[in-house]
Amino acid sequence: MLLFSLHFIAVTANAEVQKEEPQDVKLEKGHSGNENTHPRSLLNIPIVCIYMDGAIQLSLLEEVGDWEVTVTNQLTSEEWSATNSLLLNVSTASGTYLVQIVTEDGTLYYGTY
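Residues numbered from 1 in each chain as written. Predicted model: local features only at pLDDT ≥ 70, side-chain atom pairs only at ≥ 80, totals over all residues. Heavy atoms only, no water.

Let's talk about the nonpolar core
Soluble globular proteins: nonpolar side chains tend toward being buried together.
Thinking step 1. In terms of nonpolar packing, the biggest core is built from 21 residues, with Ile56, Val71, Val99, Ile101 and Tyr113 touching the most fellow members.
Thinking step 2. Elements supplying a minimum of two residues to this core: strand E3 (47–52), strand E4 (55–60), strand E5 (67–73), strand E6 (79–83) and strand E8 (97–103).
Thinking step 3. Contacts of Val99, omitting those with residues within four sequence positions, involve Val25, Cys49, Ile56, Val69, Thr70, Val71, Tyr109, Tyr110, Gly111 and Tyr113. (Core = buried A, V, L, I, M, F, W, Y, C linked by side-chain atoms within 4.5 Å. Buried < 20%, exposed > 50% of the residue type's maximum accessible area, 1.4 Å probe, protein only. Helix = DSSP H or I, 4+ residues; strand = E, 2+ residues; numbered from the N terminus. Contact = heavy atoms within 4.5 Å.)

Looking at the pairing of E8
Thinking step 1. Burial of E8 is extensive: six of the seven residues sit out of reach of the surface.
Thinking step 2. In this structure, E5 lies alongside E8, joined through seven bridges in antiparallel fashion. Looking across to E8, one finds that Thr72 is bridged to Leu98.
Thinking step 3. The sheet contact formed by E8 and strand E9 (residues 107–112) spans five bridges and is antiparallel. Across the sheet, the residue bridging to Val102 is Leu108, located in E9.
Thinking step 4. Between E8 and E9, which follow one another and run antiparallel, lie three residues, and Gly106 among them has a positive phi close to 90 degrees. (Pairing = 2+ DSSP bridges.)

Observations concerning the sheet that holds strand E7 (residues 87–89)
Thinking step 1. Taken in spatial order, the four strands line up as E1-E3-E4-E7 in an open sheet, and their pairing is antiparallel. Of all strands in the sheet, those bounded by a partner on one side alone are strand E1 (23–25) and E7. Here the average twist between neighbouring strands, direction ignored, is 25 degrees.
Thinking step 2. As defined by bridge partners, E3 adjoins E4 across six bridges and the pair is classed as antiparallel. Looking across to E4, one finds that Val48 is bridged to Ser59. (Axes fitted to C-alpha atoms, helices over the stretch in contact; angles between N-to-C directions.)

Shape is all these values report; function is a separate question.
Written out as structure tokens, the structure is:
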């Protein structure tokens with residue numbers, strides 16, 4: 001029994017989940033109608049967006065009021081959304097995902113990962 005316990009502990013210790021490296025989601029600014037007003041222009045984007053381990057993490061660099069974040073799997077159209085949340089759990093499945101953040105004044109920030 002002791003040998004089994006030691007083997008189980010060793011296997012469990014080696015089976016720890018590998019953490020992903022944080023992936024910066026480059027945001028651009030557009031209109032809430034998905035039109036891009038300044039494609040790839042250098043604008044002050046007041047939100048930092050990072051994907052890591054099945055979650056989108058937002059950091060606000062300045063006050064943006066209320067906001068809604070939506071993440072959409074571009075292949076399956078599966079969608080996750082939250083209001084005024086700095087953390088949104090999403091899928092860990094590989095694919096292309098669209099992140100859209102709309103502030104209370106109607107400003108859209110979007111990016112893909």
